[in-house]
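# A look at the structure
So you can see what is in the structure, the chains are spelled out below.
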Amino acid sequence: MPTLVKAGLSREEFDTLKGQNQQAPDGDGGGKDGVMRLKDGTEVKLDMDIDESMMGTGVEGLADAEVSARLVQFGRNALVSKRTPKWKIFVSKFRGPMPYMIWIAIIIEGIIEDWLNFAVLLLLQLVNGCLAF
């Protein structure tokens, strides 16, 4: 059986396909799996993000009063972007499994007073953090 996958189906295309469809037992013209089976045996997978009839809009769009009412009810259709300060991003480069192991090695080298290895490891950690930033 051939299968068509249709994404972004318009309301008119949906109604046309539904008119060609052999009615499913649930009466809506499509199965619960999102697949519409046409009379000729073709299966059409419907990939509709939202049912336009639920939105209550027509071809003309929304009236100004409806736009205002929906703005009050739902708010703006925008994602809130939260900016992370640069210093937090920089400090985050010194956190993680490998940097933690290097920090532990730096502390151990400081405790045993091996200052050359202490300085080399500290420099390694700082250069690694700066390059990662």
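Details of the structure are given in the entry above.
Model, not experiment: these values are computed from the prediction.

Cut-offs applied
- Residues numbered from 1 in each chain as written.
- Predicted model: local features only at pLDDT ≥ 70, side-chain atom pairs only at ≥ 80, totals over all residues.
- Heavy atoms only, no water.
- Helix = DSSP H or I, 4+ residues; strand = E, 2+ residues; numbered from the N terminus.
- Buried < 20%, exposed > 50% of the residue type's maximum accessible area, 1.4 Å probe, protein only.
- Contact = heavy atoms within 4.5 Å.
- Areas by Shrake-Rupley, 256 points an atom, 1.4 Å probe, with all protein chains shown as cover.
- Phe/Tyr/Trp six-rings, centres within 6.5 Å; stacked < 30°, edge-to-face > 60°.
- Salt bridge = Lys/Arg side-chain N within 4 Å of Asp/Glu carboxyl O.

A tally of helices and strands in the chain yields six helices and three strands. What you see in the chain, going N to C, is helices and strands ordered as β-α-β-β-α-α-α-α-α. For the chain, buried positions account for 18% of its 133 residues. Within the chain, residue pairs in contact and separated by at least 24 positions form 40% of the contacts whose partners lie at least 6 positions apart. Total accessible area on the chain stands at roughly 10,600 Å², and carbon and sulfur atoms take up 62% of it.

Each aromatic ring pair is characterised by the separation of its centres together with the angle its planes make. Under the definition given, this model contains four aromatic pairs. For the ring pair Phe90 and Phe94, a centre distance of 5.1 Å and an interplane angle of 80° mean the geometry is edge-to-face. The class of Phe90 is partly exposed, set by a relative accessible area of 27%. Judged by its relative accessible area of 11%, Phe94 is buried. When the centroid spacing of 5.5 Å and the interplanar angle of 90° are considered together, the rings of Phe90 and Phe133 count as edge-to-face. Of the two residues, Phe90 is situated in helix H4 (residues 86-92) and Phe133 in the segment after helix H6 (115-132); the sequence distance between them amounts to 43 residues. Since its relative accessible area comes to 48%, Phe133 is described here as partly exposed. Feature note: the residues Phe90, Phe94, Trp103 and Phe133 constitute an aromatic cluster, connected by ring pairs.

This part is about the pattern of salt bridges. Taken as a whole and assessed by the stated rule, the structure comprises one salt bridge. Residues Glu66 and Arg70 are paired through a salt bridge, measuring 2.7 Å at the closest nitrogen-oxygen approach. With a gap of four residues between them, Glu66 and Arg70 both fall in helix H3 (residues 64-74), about one helical turn apart.

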